[in-house]
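Notes for the structure review
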Amino acid sequence: MFRRLVASGFTGTVYPVNAAASHVASVYAYQDLADVPERVDLVVIAVPAPRVAAVLRTCAARGVRSVIVVSSGFADGGPAGQVLLAEVCQIARDAGIRLLGPNAMGVINTASTSRLHATFAVGNPPPGRVGAFTQSGALAGTFLTDAARRAIGFSTFASAGDRSDVSTNDLLEYWQTDPRTELVLLHLQNFGNPRRFARITRRLGRTKPVVALKSGQDSSGGAADALFAGTGVIRVDTLNQLFDTAALLAHQPLPAGRRVGVVGTSSALAALATDACHSYSLAVPGLSATTRAALARIVGHDGADNPVDLGPLADPARFDAALRLVAGSGEVDALLTLVTPHAQVDRLGAAVLTASRDHGLPVLASYLGQDGMPAPLAVPDAVGSPGRGSVPSYSSPESAALALSRAADHAVWRARAQGQVPSLSGIDTAHARAVTARAVTGHAVVDDAWLPEPVVHSLLADVGLRLWPSTRVADADAALAAAHRVGWPVAIKIAEERFRSRLDVGAVQLGVGDPAELTAAWQAVRAAVGPGDMLVQPMAPGGVSTVVRMHHDPNVGPLVSLRLGGAVADLLTDPVARTLPLTDADAAELIAAVRGSVLLLGGSGAPAADTDALADLLHRVARLADDVPRITEILLDPVLVGRRGVVLLHAGIRLAPPVDAPPPATAVTAPATAAAGDSAAG
């Protein structure tokens, strides 16, 4: 690291400190940090883990404010390493030292005023406009070498290791204000503080795209997708996709739409490009009659359309004219160019670069099947690195189409209204917190048990939600008495949660109109699912059955999800989810993204349901989860969304158990059934 610091042209002074050597790389070495004669701004610590604390104390005594610890053996060192880590963190906090690591690969800053390359990773990326972060030291070398190979210049780079102090979120806040950074690349294994991550990336993504590769056991789950979708982070699945997407965003503008013009010198590549665009929800539209007529004059036949194939012996002047025509037609939002080996290939490249410069559309290329930035497609910036307006090249049309699709998705997110968390009436979360505290203190919370029904009623009422009336009964006589009290017709259903909404197996009988029908309904449910308590409810107004759930994901925190209800929906539909805080835009997207959303939004002969009332219910659930962090799950199943208002038929709430919770109980109370009127606001 000392050699790298010196060789990279660092503009300050570098002092080697080594207790066992008088010289390092032919430079005089001090045996102790205390002996360095001048003020020190940054210390890179690379000593065995047990000695790091002593060095850090010397840093504190010298007034050092920044430290990079590359030593391992802390978070990865078992119980003994954890003890060392706690000691190091305490020393740093007490002294006001910002610490990167331990187990960090280091940092790079390519600014001409510093030229700091304090890593021991292989690779030396060119200066540029991309801020990059990786949690994995092993991937740091891949980041640097791939960036150099693809001519993606970095403004700054950090590999933070254990993230005991400086975190991903700290770096994101720095990049938000750094004028040299226009794009952020992340490799994440976990989120640290997901709520802070969400707040920062929501703001940052409005002006600077954030592209993230999430790895780890939860990487394929919906939780990370929900966090990214709500914050505008562009998620990719592989390192290649990370750099493919970065190459486009670092050099070209965002597309205004999803229409792609394809111009090339190979019909086979043009077909592959068209198929890839369709696969990634991009359109390759036919051109207007006027544009086709002009194109026919260029290519020499009347059948020319999008995609445009000029053949392997394309005349450079005609190629240039075709590019200009398609790009300037106003009928496409992006241009994908395909260049195969050609006697005048550099002239074809120059035509591609001209189209990018003159028309303001994002332009991508598959130039001789190369990844990166071929010289004919590069626009050098002040330091000689490929700058804005350079055209990235991809080894295959598929890679280019996928990168363009991700850019188009991000453009849609950026263009949408940012949304706000609405103000709600009838909220008393202070009372809800008191209720949950009493439940925990009274040991009403054990393992994964649902809260008792009265507690659920109280908590929902504190955010303006009421459950539909319900009576739990043990025999047919009690059911008859309950039906007389609530009024005919009634619904009768088994109380056991797994059968609670199963009309298909006979566990629910609806529209029971008199005592004789109730007796028959009771016997039918018994025959279908066996013994057990039942619920009697007055018949609710009709509506679309939905399920609303909030649960705490261990990686991203609280998630609010929505899906259609019923047995078939349970089998076919995965819930869509959003993280908190939930804005009005998030709630609208959540409703629109549900499979079968036409049942809610209307269309194809279906009337529109009251989605405003459903959105209001979602916001109230989110408010309860946000303000009462002891709540780990809220399940509303089903919620009937009618033409006017919503009806909440059943609900369950779980709390995090107290630290000294008793052993799990053998019986688990079912989610409550009881009181919500037509309006979610109560």
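In short, a report on the structure.

What counts, and at which threshold
- Residues numbered from 1 in each chain as written.
- Predicted model: local features only at pLDDT ≥ 70, side-chain atom pairs only at ≥ 80, totals over all residues.
- Heavy atoms only, no water.
- Helix = DSSP H or I, 4+ residues; strand = E, 2+ residues; numbered from the N terminus.
- Buried < 20%, exposed > 50% of the residue type's maximum accessible area, 1.4 Å probe, protein only.
- Contact = heavy atoms within 4.5 Å.
- Lys, Arg positive; Asp, Glu negative; His and termini not counted.
- Charge placed at Lys NZ, Arg CZ, Asp CG, Glu CD.
- Salt bridge = Lys/Arg side-chain N within 4 Å of Asp/Glu carboxyl O.
- Polar contact = N/O pair within 3.5 Å; in protein donor to acceptor, adjacent residues only side chain to side chain.
- Patch = residues over 30% accessible without salt bridge, like charges linked within 9 Å, V, L, I, M, F, W, Y side chains within 5 Å.
- Areas by Shrake-Rupley, 256 points an atom, 1.4 Å probe, with all protein chains shown as cover.
- Pairing = 2+ DSSP bridges.
- Axes fitted to C-alpha atoms, helices over the stretch in contact; angles between N-to-C directions.

Concerning the overall build of the protein
Of regular secondary structure, the protein possesses 21 helices and 26 strands. Taking the principal axes of its C-alpha atoms as reference, the protein extends roughly 95 × 80 × 40 Å. Among the 682 residues that make up the protein, the fraction classed as buried is 52%. Summarising the internal contacts of the protein: among those between residues at least 6 apart in sequence, 70% fall at separations of at least 24. In the protein, the 56 positive side-chain charges and the 60 negative ones have mean positions that sit 5 Å from each other.

Examining the pattern of salt bridges
Per the stated rule, a full pass over the model turns up 27 salt bridges. A salt bridge links Arg 150 to Asp 244; its shortest N-O distance comes to 2.3 Å. With a gap of 94 residues between them, Arg 150 in the loop between helix H4 (137-149) and strand S9 (154-159) and Asp 244 in helix H8 (residues 239-251) connect regions that are remote in the sequence. Of the two residues examined, Arg 150 and Asp 244, each falls in the buried class. One salt bridge in this structure joins Arg 406 and Asp 237, with 3.7 Å as the shortest N-O distance. Here Arg 406, found in helix H13 (residues 397-415), pairs with Asp 237, found in the loop between strand S12 (234-236) and H8; they are 169 residues apart in sequence, far enough to count as distant. Given a relative accessible area of 14%, Arg 406 falls into the buried group.

Side note on the side chain of Arg 578
Topologically, Arg 578 is positioned in strand S23 (residues 576-579). Overall, the relative accessible area of 11% leaves Arg 578 in the buried class. A distance of 3.4 Å separates a polar atom in the side chain of Arg 578 from a polar atom in the side chain of Glu 589. If sequence neighbours within four positions are ignored, Arg 578 has contacts with Ala 226, Ala 229, Gly 230, Pro 558, Leu 559, Val 560, Asp 586, Glu 589 and Leu 590.

Here we look at the environment of Thr 436
Position of Thr 436 among the secondary structure elements: in helix H14 (residues 429-441). Thr 436 gets classed as buried once you look at its relative accessible area, which sits at 2%. Taking the C-alpha atoms as reference points, Thr 436 and Val 628, separated by 192 residues in sequence, lie 8.0 Å from one another.

Structural notes on a nonpolar patch on the surface
Taken together, the side chains of Leu 503, Leu 510 and Met 539 present a nonpolar region at the surface, about 270 Å² in accessible area. Structurally, Leu 510 can be placed in strand S19 (residues 508-512).

A few points about the sheet that holds S9
Strand-to-strand pairing in sheets goes through backbone hydrogen bonds, with the strands running parallel or antiparallel. Pairing in this open sheet of seven strands is mixed, and the strands run S7-S6-S9-S8-S10-S11-S12 from one edge to the other. Every interior strand has two partners, whereas the edge strands, strand S7 (116-119) and S12, have only one. Strand-to-strand, the axes of this sheet are offset by a mean angle of 20 degrees, without reference to chain direction.

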